[in-house]
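What follows is the residue order along each chain.
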Amino acid sequence: MAENLLEDRGKPPAAWRIEGWKIVVGIVISALILIPCWWRPRIEAGDLASHVYNAWLAQLIEKGQAPGLYIATQWNNILFDVLLLRTANLFGLAAAEKIVVSICVLVFFWGVFSFIRTLTEQSPWFLTPCMAMVSYGYSFNMGFMNYHLSLGLACFGLAIGLKAQRFEWVAVAAVAVMALLAHPIGFLWLAGALAYIKLKARLPGWWKLTLPLTAVSSIGAVCWYAAHRPLLLADWDRGPFYFYNGADQFALYGKRYFALAGAAFLFGVVCVAIEFFARWRDGISWKPCELPLELYLVSFCAAALLPENLRPSIYGGWIGLLGSRLTTISAILGISFLGLLKPRRWHLAGFGVCAAVFFAFLYQDTGWLNRLEANAGNLVRGLPSGTRVLITARAPADSRITFIGHAVERACLGHCFSYANYEPASGEFRVRVRKGSPVVTSSTDDAEDMASGEYEVDDTDLPLKQIYQCDEKDLTKLCIRDLVAGETNGRLGIKPADR
């Protein structure tokens, strides 16, 4: 025994060696997860380009070089933008975009990992491919960066809050504040899910059923209210409700993604069915699966019943794609349900194949968007500084990622102003506009018409140029022309009917 003690002297305890192994694996996985942020010169993610463009405008505001624009004080929907601006002031916009988006992806991925680990009481290493795909799913590729960051923070808050004791609630409160600064939906999900879980633990017997019934009834009441209040202009235009089960987060730039999403969902169903049979055969209870399944069904009802778009004020911007982005939560909860399964090698292999195909598709499509933006950069490089442009760029007909015009907008950095930039007029972001600004329109409706190519050019808008797709066989090819008063800005260019 003495000899054994001498041999073990200086060696770390076994638990330390295991934790060290996990740290190494975590670093390797983090590096792999970040590859899509660095595999192209620019990160192509819909509205992200608009965030970068408006960070540039914020820099101009600080220098007094953006007449009619100002930075407003607000307490939500700002965390990503503040981080981007502060990092850009230190390292430049190109580096800041890579750094801050990488942080968001890691916060989201490890937040989901931590939440599932706490909820299921086992580390979900075999679900790493699923979590990686959701990290780069629909919400990310649409560029909803504040929302994406808020959900990652909310997952960390839930991971702490599920077993919080005394002073640990201070950490939960701190994370909740950060989630609110990022986006209110992340904060509401954190608060609502924690309340649901804690209350369920206290209710006796059949009283537990009142929780999901109350939650779904409340969602239904909101749906009824929105449908019967015409001033909200609410719509549910997003296709069949059953499609929004969480797997739709993998349906991005074309029909092939829909087939992949369906295959991933069916593979998950097969995994659950085989586990169900094994537990039934061995007499193992499904009781631990009850809470994740309830949370998933409630989130599915929210995504299916709540409006897709609504406009609380005719003077402000739209709350858009609400149901579509809520399915990110459904995807997280669906993966958490899978996290209760007994890990098997073929689980990892199957989901790994899905992830490999998904990221291969994504690499190809982000390349297409990088070519579009590079062509835009070549087009605007020779423009006089401060030139105003309107951009009418359409995504391929089968793509769900429609905000490709923002990539052209980002190409304007240092060269031109996107006059149809929607953020300042919407009143939902830090950069705001006063009426009469020569940099951007102050009307939300005009900004929408300009982006859709339905705006009638006024004398006061001139001089003004249009950047548009001029080759229906190659949508990355762009042309530029001068607009004249009285014409519709989308008169030339590729229109949806052309494709």
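Residues numbered from 1 in each chain as written. Predicted model: local features only at pLDDT ≥ 70, side-chain atom pairs only at ≥ 80, totals over all residues. Heavy atoms only, no water.

Peer 1: Got a minute to help me understand the overall build of the chain in this structure?
Peer 2: Check the secondary structure of the chain and you find 19 helices and six strands. Relative to the compact-globule value of 23 Å for 499 residues, the chain shows a C-alpha radius of gyration of 25 Å, a close match. Dimensions of the chain, computed from the C-alpha atoms along their principal axes, are close to 90 × 60 × 45 Å. Residues counted as buried form 54% of the 499 residues belonging to the chain. Long-range pairs, those at least 24 residues apart, make up 76% of the contacts in the chain between residues at least 6 apart in sequence. Of the accessible surface of the chain, which amounts to about 23,200 Å², a share of 65% is contributed by carbon and sulfur atoms. Measuring between centres, the 45 positive side-chain charges of the chain sit 7 Å from its 40 negative side-chain charges. (Helix = DSSP H or I, 4+ residues; strand = E, 2+ residues; numbered from the N terminus. Rg over C-alpha atoms; globule rule 2.2 N^0.38 Å. Buried < 20%, exposed > 50% of the residue type's maximum accessible area, 1.4 Å probe, protein only. Contact = heavy atoms within 4.5 Å. Areas by Shrake-Rupley, 256 points an atom, 1.4 Å probe, with all protein chains shown as cover. Lys, Arg positive; Asp, Glu negative; His and termini not counted. Charge placed at Lys NZ, Arg CZ, Asp CG, Glu CD.)

Peer 1: Would you mind going over a nonpolar patch on the surface with me for this structure?
Peer 2: Taken together, the side chains of Val24, Val28, Leu32 and Ile35 define a hydrophobic patch exposed on the protein surface, amounting to about 360 Å² of accessible area. The element that contributes the greatest number of residues to the nonpolar patch is helix H2 (residues 14–33), accounting for three residues. Taking relative accessible area as the criterion, Ile35 reaches 41% and is therefore assigned partly exposed. (Patch = residues over 30% accessible without salt bridge, like charges linked within 9 Å, V, L, I, M, F, W, Y side chains within 5 Å. Salt bridge = Lys/Arg side-chain N within 4 Å of Asp/Glu carboxyl O.)

Peer 1: Looking at this structure, I do not really get the state of the cysteines. What am I missing?
Peer 2: Cysteine pairs can be covalently joined through their sulfur atoms, and such a bond is termed a disulfide. Following the criterion strictly, the structure yields two disulfides and no others. Across the disulfide, Cys412 is cross-linked to Cys416 (sulfur-sulfur distance 1.9 Å). The chirality of the disulfide connecting Cys412 with Cys416 is left-handed, given an S-S dihedral of about -90°. Taken individually, Cys412 and Cys416 each receive the classification buried, so the pair is uniform in this respect. At a sulfur-sulfur separation of 2.1 Å, the disulfide partner of Cys470 is Cys479. (Disulfide = S-S within 2.5 Å.)

Peer 1: When you look at the pattern of salt bridges in this model, what are you seeing that I'm missing?
Peer 2: Between side chains of opposite charge, a pair can form when the charged atoms approach closely. Summed over the entire model, instances satisfying the criterion amount to 18 salt bridges. Where Lys200 meets Glu290, a salt bridge forms, and the shortest distance between an N and an O atom there is 2.8 Å. Separated by 90 residues along the polypeptide, Lys200 in helix H11 (residues 184–202) and Glu290 in helix H14 (residues 290–305) bring together distant segments of the chain. Residue class for Glu290 comes out partly exposed when judged on its relative accessible area of 26%.

Peer 1: Quick question: what am I supposed to make of the packing of helix H12 (residues 210–227) against H14 here?
Peer 2: Each pair of packed helices gets described by two things: the angle between the helix axes and the distance between those axes. At a closest axis distance of 10 Å, the pairing of H12 and H14 adopts a crossing angle of 5°. The angle between the axes of H12 and H14 places the two elements in the roughly parallel class. Contacts from Pro212, Ala215, Val216, Ile219, Gly220 and Cys223 in H12 reach Glu294, Val298, Cys301, Ala302 and Leu305 in H14. Each residue belonging to the contact of H12 with H14 can be placed in one class, and the counts come to nine nonpolar, one polar and one charged. (Axes fitted to C-alpha atoms, helices over the stretch in contact; angles between N-to-C directions. Parallel < 35°, antiparallel > 145°, perpendicular 65-115°, else oblique. Nonpolar A, V, L, I, M, F, W, Y, C, P; charged D, E, K, R; others polar.)

Peer 1: Explain the nonpolar core to me, please; I cannot follow it from the model alone.
Peer 2: Burial of nonpolar side chains together is a common tendency in soluble globular proteins. Residues Leu69, Phe115, Tyr136, Trp189 and Phe358 are the most contacted members of the largest nonpolar core, which totals 141 residues. In terms of residues, this core owes the most to one element, helix H6 (residues 93–120), which gives 15 residues. When residues no more than four places from it in sequence are discounted, the contact partners of Trp189 are Leu151, Ala154, Cys155, Leu158, Ile329, Ile332 and Leu333. In terms of nonpolar packing, the next biggest core, distinct from the first, is built from eight residues, Ala420, Met450, Tyr455 and Leu483 among them. (Core = buried A, V, L, I, M, F, W, Y, C linked by side-chain atoms within 4.5 Å.)

Peer 1: Just to check I follow, could you spell out the environment of Leu390 for this structure?
Peer 2: Here Leu390 shows up in strand E2 (residues 387–392). Ignoring anything within four residues of it in the chain, the contact list for Leu390 reads Tyr419, Ala420, Met450, Leu464, Lys465, Gln466, Ile467, Leu483 and Asn489.

Peer 1: Honestly, helix H7 (residues 128–135) in this entry has me stumped. Any pointers?
Peer 2: In an α-helix, one turn spans 3.6 residues; hence positions three or four apart end up facing the same way. The buried fraction of H7 amounts to eight of the eight residues, a majority that puts the element mostly inside the structure. Thr128, Pro129, Cys130, Met131, Ala132, Met133, Val134 and Ser135 are the residues of H7 that are buried.

Peer 1: How should the side chain of Ser123 be read in this particular structure?
Peer 2: On the secondary structure map, Ser123 appears in the loop between H6 and H7. Discounting chain neighbours no more than four positions away, the residues touching Ser123 are Phe113 and Arg117.

Peer 1: What is the right way to look at the side chain of Glu275 in this model?
Peer 2: Here Glu275 is to be found in helix H13 (residues 255–282). A relative accessible area of 4% places Glu275 in the buried class. The residues touching Glu275, leaving out its near neighbours within four places in the chain, are Trp286, Leu341, Lys342 and Arg344.

Peer 1: Before we go on, may I ask you to explain the confidence of the model for the chain in this structure?
Peer 2: Should the pLDDT be low somewhere, the predicted coordinates at that spot are not to be read in detail. Mean pLDDT for the chain: 90, with 95% of residues reaching 70 or above. Considering each helix and strand of the chain separately, the mean pLDDT is smallest for helix H1 (residues 2–8), with a value of 37, and largest for H7, with 97. Every residue in residues 1–17 is under pLDDT 50, and counting partners more than four places away or in other chains gives one contact. (pLDDT = per-residue confidence, 0-100.)

Peer 1: Sorry, what's going on with H14 here?
Peer 2: The terminal C-alpha atoms of H14 lie 22 Å apart, and with 16 residues this matches the ideal 22 Å at 1.5 Å per residue to within 8%. Within H14 the residues assigned to the buried category are Leu291, Pro292, Glu294, Leu295, Tyr296, Val298, Ser299, Phe300, Ala302, Ala303 and Ala304. Residues of H14 that are buried in the fold lie against H6, H11, H12, H13 and helix H15 (322–338). (Expected span 1.5 Å × (residues − 1).)

Peer 1: What is the right way to read the pairing of E2 from this model?
Peer 2: Most of E2 sits inside the fold, with six of its six residues counted as buried. Both faces of E2 are covered, namely the face carrying Thr387, Val389 and Ile391 and the face carrying Arg388, Leu390 and Thr392. As paired elements, E2 and strand E3 (residues 416–418) share three bridges and run parallel to each other. Along E3, the bridge assignment pairs Thr387 with Cys416. Taking the sense of rotation as the criterion, the β-α-β connection linking E2, helix H17 (residues 405–410) and E3 turns out right-handed. (Pairing = 2+ DSSP bridges. Right-handed = clockwise from strand over helix to strand, strands pointing away.)

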